[in-house]
Amino acid sequence: MGVIALIPGPSGPPTLIGWDKLDHLAAFAALTVLARCGWPSLPRWALAGIAFAYGVAIEIGQATLTQGRVASASDAVANGFGIAAGLALAWAFGRVGRALPMLNRRR
């Protein structure tokens, strides 16, 4: 994800609400779910902090390392909402996963 975010390319001016915010939200939700599955013992607050710092680092990289890219605080906010959504999804998936073995035992 970091490589894609830092590839020089056409970028319009940052928008407060736009489809690119949905891209940020979806990407960070997926990243957070996968990170939660990969490191289930890592506290949620630590995972959220690491993921948010990664998102901020990408924005800083876009501002300083690339041409044709624009850093945006609203992108970082969308990343934060994606992290929250990813934690909620991971929690829901965990609840379903814990319930499934109980359903199989009832037969």
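Shown above is the structure to which this text applies.
Caption draft 1: Region of the structure containing the pattern of salt bridges. Tallied over the entire structure, the rule returns 2 salt bridges. The closest approach of N and O atoms between K21 and D20, which form a salt bridge, is 2.9 Å. Residue K21 is classed as buried on the basis of its relative accessible area of 8%. With a shortest N-O distance of 2.7 Å, K21 and D75 are connected by a salt bridge. Separated by 54 residues along the polypeptide, K21 in helix α2 (residues 19–38) and D75 in helix α4 (residues 73–105) bring together distant segments of the chain. Within the structure, one salt-bridge network assembled from shared partners comprises D20, K21 and D75.

Caption draft 2: Quick peek at the packing of α2 against helix α3 (residues 44–64). Interhelical geometry of α2 versus α3 gives an angle of 140 degrees and a closest axis separation of 11 Å. The pairing of α2 with α3 is recorded here as oblique in orientation. For the crossing formed where α2 meets α3, the hand is right-handed. Contacts between α2 and α3 involve H24, F28, L31, T32, A35 and R36 on the former and, on the latter, R44, L47, A51, Y54, G55, I58 and E59. Here the contact of α2 with α3 is built from residues that sort into 7 nonpolar, 3 polar and 3 charged.

Parameters at a glance
- Residues numbered from 1 in each chain as written.
- Predicted model: local features only at pLDDT ≥ 70, side-chain atom pairs only at ≥ 80, totals over all residues.
- Heavy atoms only, no water.
- Salt bridge = Lys/Arg side-chain N within 4 Å of Asp/Glu carboxyl O.
- Buried < 20%, exposed > 50% of the residue type's maximum accessible area, 1.4 Å probe, protein only.
- Helix = DSSP H or I, 4+ residues; strand = E, 2+ residues; numbered from the N terminus.
- Axes fitted to C-alpha atoms, helices over the stretch in contact; angles between N-to-C directions.
- Parallel < 35°, antiparallel > 145°, perpendicular 65-115°, else oblique.
- Left-handed = near helix turned anticlockwise from the far one by under 90°.
- Contact = heavy atoms within 4.5 Å.
- Nonpolar A, V, L, I, M, F, W, Y, C, P; charged D, E, K, R; others polar.

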